[in-house]
Amino acid sequence: MQPVNIGIIGLGNVGMGTVTILTENAAQIAAKLGFPLCVRAVCSPSVAKKTLPGSLDSAMKTSDWREVVEHPDIHIVAELVGGVTVAREIIESAIARGKSVVTANKELMALSGADIWDRAIAARINLAMEASVAGGIPIHTILREGISGDRINTLYGILNGTCNYILSEIEQRGADFAQVLVEAQQAGYAEADPSADVDGFDARSKLAILSALAFGERIVPADIYTEGIRRVAPIDFEYAHQLKHTIRLVCIARQTPAGLLLSVRPSLIPQSTILASVRGAYNAIWVRGKYGADTFYYGRGAGPHPTGVAVVSDLMRVAREIRSGSPERVSPFAHARLDEYRPIPITLNESAYYLRFRVQDRPGIIAQLASALASENISIDAVLQLPGSDGQDLPFVIILEPTTEQSVRAAVARMSELNFLIEAPLVMPMERAL
């Protein structure tokens, strides 16, 4: 049969991984589809310097993405450049020319994916974005089709491999954040500017996409409360271990009586839970449904080959649809239409909390902190202090009984007036509901 022709725009790690899989695995892909996928064009600003497989010698090579989108023989455009400016132009231009699109762009899909899908529907072409979240874990397909019959009430995720790698190294070696970050950059796990990862923004985009899939609401990243991991220190793991917990950057989407609560933040989770065993640059998603109860998905969250597999799998799915000519498409957001999301504030979150202090030691500290907590009707569950600490920089921890985030914030604001604090308390929720 005649091939379905692909144009690949972007030859970074994911683009090169995709090219490798399409060429090295071409025979098996054709056997599964019943027809071949053919890379007819590739695009990169540095395409002349790229070492491409010999089977692509006849493919068009260009530094101008418009030549790929406008190529008359291209059926599917793979947008693998990232970002939200040029990538949007590429996708919208492809849709305007009646070409289906496969993208790995989490940032753009989180911001504007629902609107782009509306354009794709109007143009009667397909849009696929499996590679935008969790690399080699087919979580989109799972939420969109695999467990679509369930009613999801909670989703927990470890969605940023860089943060998980850093936290795992701090936990295992007792190294501080700054040291492990440098090592992560040298190993290729973190960018020269690591802000998107360590401040939680990358995970936030991914949670926005998964929450739209899981709950059918039009969510954008700005709706999600976000904290990063910069303040997590080795001593926090020492205290967490005393409590039989560990610390991870946890992405949470949870239905509450007031509505959908979303957050990305470092949290204590029990060591007995399966999420606690997720270490290094791996991702994991735990989904809890009303009928199907708990399911768990684990794998590489990034990398040229795991993410490339997701891109190629999307290319295969879209190619099948092109061949079958089906007018009915499963939305990449799992719902025919997304409802408007009405954010509920993180201040409504209710849980136990971990507060770590650094103080200049003097009599009466605990009494003053307890008074600030009591003023907000917060009860103390435990006070922890490791032996042998420096009295001029004394760390200790107070564990709070379940209360609201609003109450904790009010108490911490009262504490800010106390002159023995070296820095503001580090506040982390304890996710005991896992």
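Draft legend 1. Expanded view of helix α5 (residues 106-123). Look at α5: only 22 Å from first C-alpha to last across 18 residues, short of the 26 Å you get at 1.5 Å a residue. Ser112 marks where α5 bends most, by close to 80 degrees. Every buried residue of α5 is listed here: Leu108, Met109, Ala110, Ser112, Gly113, Ala114, Ile116, Trp117 and Ala120. On the buried face of α5, the contacting elements are α4 (86-96), β5 (100-103), β6 (127-128), α10 (201-215) and β8 (217-218). Capping the start of α5 is the job of one residue whose side-chain oxygen sits 3.3 Å from the backbone nitrogen of Glu107: Asn105. Arg124 sits one or two residues past α5 and shows a positive phi near 60 degrees.

Draft legend 2. Structural context of the side chain of Thr307. Position of Thr307 relative to the elements: it lies in helix α12 (residues 304-324). Note on Thr307: relative accessible area 6%, which makes it buried.

Draft legend 3. Local environment of empty space enclosed by the protein. Taken as a whole and assessed by the stated rule, the structure comprises one cavity of 30 Å³ or more. Roughly 50 Å³ of internal volume is contained in the largest cavity. What lines the largest cavity is Ile252, Arg254, Leu261, Ser263, Arg265, Ile346, Asn349, Pro429 and Glu431. Mapped onto the lining of the largest cavity, the elements with two or more residues apiece are β10 (245-256) and β11 (259-270). Of the residues that constitute the lining of the largest cavity, the class distribution is four nonpolar, two polar and three charged.

Draft legend 4. Spatial organisation of the layout of surface pockets. Roughly 1300 Å³ of internal volume is contained in the largest pocket. Lys106, Glu191, Asp197, Asp202 and Ala302 are the residues nearest the centre of the largest pocket, which is lined by 46 residues in total. Every element with two or more residues in the lining of the largest pocket is listed here: α1 (13-24), α5, α7 (161-173), α9 (195-198), α10 and α12. Per-element accounting of the lining of the largest pocket gives the leading share, five residues, to α10. Residues that form the lining of the largest pocket fall into these classes: 19 nonpolar, 17 polar and ten charged.

Draft legend 5. Representation of the sheet that holds β6 within the structure. Pairing in this open sheet of six strands is parallel, and the strands run β3-β2-β1-β4-β5-β6 from one edge to the other. Every other strand in the sheet has two partners, leaving β3 (60-62) and β6 as the edge strands with one partner each.

Draft legend 6. Structural context of the side chain of Glu171. Assignment of secondary structure puts Glu171 in helix α7. Within the local environment of Glu171, its side chain forms a polar contact with the side chain of His241, the two groups lying 2.7 Å apart. With residues near it in sequence (within four places) discarded, Glu171 still touches Phe237, His241, Thr246 and Arg248.

Reading the values: rules and limits
Residues numbered from 1 in each chain as written. Predicted model: local features only at pLDDT ≥ 70, side-chain atom pairs only at ≥ 80, totals over all residues. Heavy atoms only, no water. Helix = DSSP H or I, 4+ residues; strand = E, 2+ residues; numbered from the N terminus. Expected span 1.5 Å × (residues − 1). Bend = angle between axes of the 7 residues up to and from the residue. Buried < 20%, exposed > 50% of the residue type's maximum accessible area, 1.4 Å probe, protein only. Contact = heavy atoms within 4.5 Å. Polar contact = N/O pair within 3.5 Å; in protein donor to acceptor, adjacent residues only side chain to side chain. 1 Å grid on protein atoms, 1.4 Å probe; cavity = no way out; pocket = protein on both sides within 12 Å on 5 of 7 lines; lining within 4 Å. Points joined across faces, edges and corners; volume = space filled by probe spheres on them. Nonpolar A, V, L, I, M, F, W, Y, C, P; charged D, E, K, R; others polar. Pairing = 2+ DSSP bridges.

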